[in-house]
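Here is what each chain is made of, one letter per residue.
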Amino acid sequence: VDVDGTISPIAPDPLSAYVLPGCRLALEELSQHVDLVGVLSGRTAQQARQMVGLDGIEYWGGHGVLHLANGTVRMAPEAERFLSAVTDARREIESWDMPPGVLIEPKPTAVAVHYRLASDHGATQTWLSERLAPMARARGLELLPGRMVFEIRPPGLGKGWCIQRIIHERGLQSIVYIGDDQTDGEAFAAIHSWRTAGPNRVGVTVAVENVEVPPHEPLTADFVLSGVRGVERALLSLAVRAR
Ligand SMILES: [Mg+2]
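Worth saying up front: this structure is predicted, and the values here are computed from it rather than measured. (Residues numbered from 1 in each chain as written. Predicted model: local features only at pLDDT ≥ 70, side-chain atom pairs only at ≥ 80, totals over all residues. Heavy atoms only, no water.)

J.: I keep staring at the coordination of the magnesium ion and nothing clicks. Help me out?
T.: A four-donor tetrahedral metal ideally has 109.5 degree angles, and a six-donor octahedral metal ideally has angles of 90 or 180 degrees. Looking at the metal site, the magnesium ion is ligated by Asp2 (OD), Asp4 (O) and Asp180 (OD), spaced 2.1 Å from it. Residue Asp180 is classed as buried on the basis of its relative accessible area of 1%. (Donors = N, O, S within 2.8 Å, 3.2 Å for Na, K, Ca; no water. Buried < 20%, exposed > 50% of the residue type's maximum accessible area, 1.4 Å probe, protein only.)

J.: Help me understand the pattern of salt bridges in this model?
T.: Oppositely charged side chains can pair when the atoms bearing their charge come close. Taken as a whole and judged by the stated rule, the model has 16 salt bridges. For Arg43, the salt bridge identified is with Asp4, shortest N-O distance 2.7 Å. Highlighted residues: Arg43 in the loop between strand 1 (38-40) and helix 2 (45-52) and Asp4 in the segment before helix 1 (21-31), separated in sequence by 39 residues. Accessibility expressed as a relative area gives 10% for Arg43, which makes it buried. Members of the salt-bridge network, linked through shared partners, are Asp2, Lys159 and Asp184. (Salt bridge = Lys/Arg side-chain N within 4 Å of Asp/Glu carboxyl O. Helix = DSSP H or I, 4+ residues; strand = E, 2+ residues; numbered from the N terminus.)

J.: Sorry if this is basic, but what is going on with the packing of helix 1 against helix 8 (residues 227-242) here?
T.: The description of two packed helices rests on the angle between their axes and on the distance between the axes. Two elements in contact, helix 1 and helix 8, have axes whose closest approach is 8 Å; the angle formed by their N-to-C orientations is 25 degrees. Of the possible angle classes, the one that applies to helix 1 and helix 8 is roughly parallel. The way helix 1 lies across helix 8 gives a crossing that is left-handed. Along the contact surface, helix 1 presents Pro21, Gly22, Cys23, Leu25, Ala26, Leu27, Glu29 and Leu30, while helix 8 presents Val228, Val231, Glu232, Leu235, Leu236, Leu238, Ala239 and Ala242. (Axes fitted to C-alpha atoms, helices over the stretch in contact; angles between N-to-C directions. Parallel < 35°, antiparallel > 145°, perpendicular 65-115°, else oblique. Left-handed = near helix turned anticlockwise from the far one by under 90°. Contact = heavy atoms within 4.5 Å.)

J.: What is the right way to look at helix 5 (residues 121-138) in this model?
T.: Helical geometry note: an α-helix holds 3.6 residues per turn, so side chains three or four residues apart project in the same direction. Helix length check: helix 5, at 18 residues, gives a terminal C-alpha distance of 26 Å against a target of 26 Å (1.5 Å per residue), a fit within 8%. If you check which residues of helix 5 are buried, you get Thr124, Leu128, Leu132, Met135 and Ala136. On its buried side, helix 5 packs onto helix 4 (83-95), strand 6 (110-114), strand 7 (142-146) and strand 8 (149-153). Sitting at the head of helix 5, Asp120 places a side-chain oxygen 3.3 Å from the backbone nitrogen of Gly122. Of the residues flanking the end of helix 5, it is Gly140, one or two places downstream, whose phi is positive at about 70 degrees. (Expected span 1.5 Å × (residues − 1). Polar contact = N/O pair within 3.5 Å; in protein donor to acceptor, adjacent residues only side chain to side chain.)

Below you can see the structure in the form of C-alpha cells.
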C-alpha cells in the first residue's frame, strides 16, 4: 500500500498526516497471514515506518529507492549516481522567488515542491511546471506531478520499478497494490504488464478516489475505492478473510 491519500488522509501539511487506526490494524493482521505486507511511499522509509508504526511489515521510501529492513535503510545503487544532480536541482529551486504557499521539501533522493497551501492552485501549478520541467530535463532528472506537488527525482526509479523488483526478488505469485496518485499509476502499470507476461500470476490494482483532490489524470486500476475510509473498510475485510 501507498501511505498518503491511501491509508492516511491527505493533510494540508505533510507533517500533520496520520494513518487511520483501522488501516494499521488490518495491515498488522494481514502480516500474520501473507508472505509480505509492504508500504511503498514517496516519503522516506523511516517517515513511513514512523507513520504506520508497525514491526513485521516492510517499508520502501522515496517511491521505492529506499528500503528499511532490520533497522537499516539502504538506498538503491541506481539512485546514488543521481544524488549530486538532485542536490544541484534543490539549490537552484531554493534560489527562486517562489509564489506564496509553495513549500520545498528536500528528500534523500529527490526534491518535492508542494503547492497545496497556495491560494491559486492552477496558476501556481503552471508557474512551477514551466520552470521545473526544463530544469529537471537539463539535469537528467525526471519531473513527476502528484497531488498538489511536483517531484524532481532520478529517472525511471519510481514505484513501477520498485514493484517489479519486489515481485522478482521475492518470487511473488500474487500481489495487491493500493494507491491514489500518479506515482501509484506506475505501480499499477508494472503489475498489469507482469500478470499478462506469464501463467498463474494474480495482480490486483486498486485506486483510491478522492473528490477533494483529484489526481492530474485518472488512474487505470482494476478497482476503485472511495477515499481512505473506503481503503480502511476494504483492508479490514481482507484481514478478516485472511484469518
Ligand atoms: Mg499517495
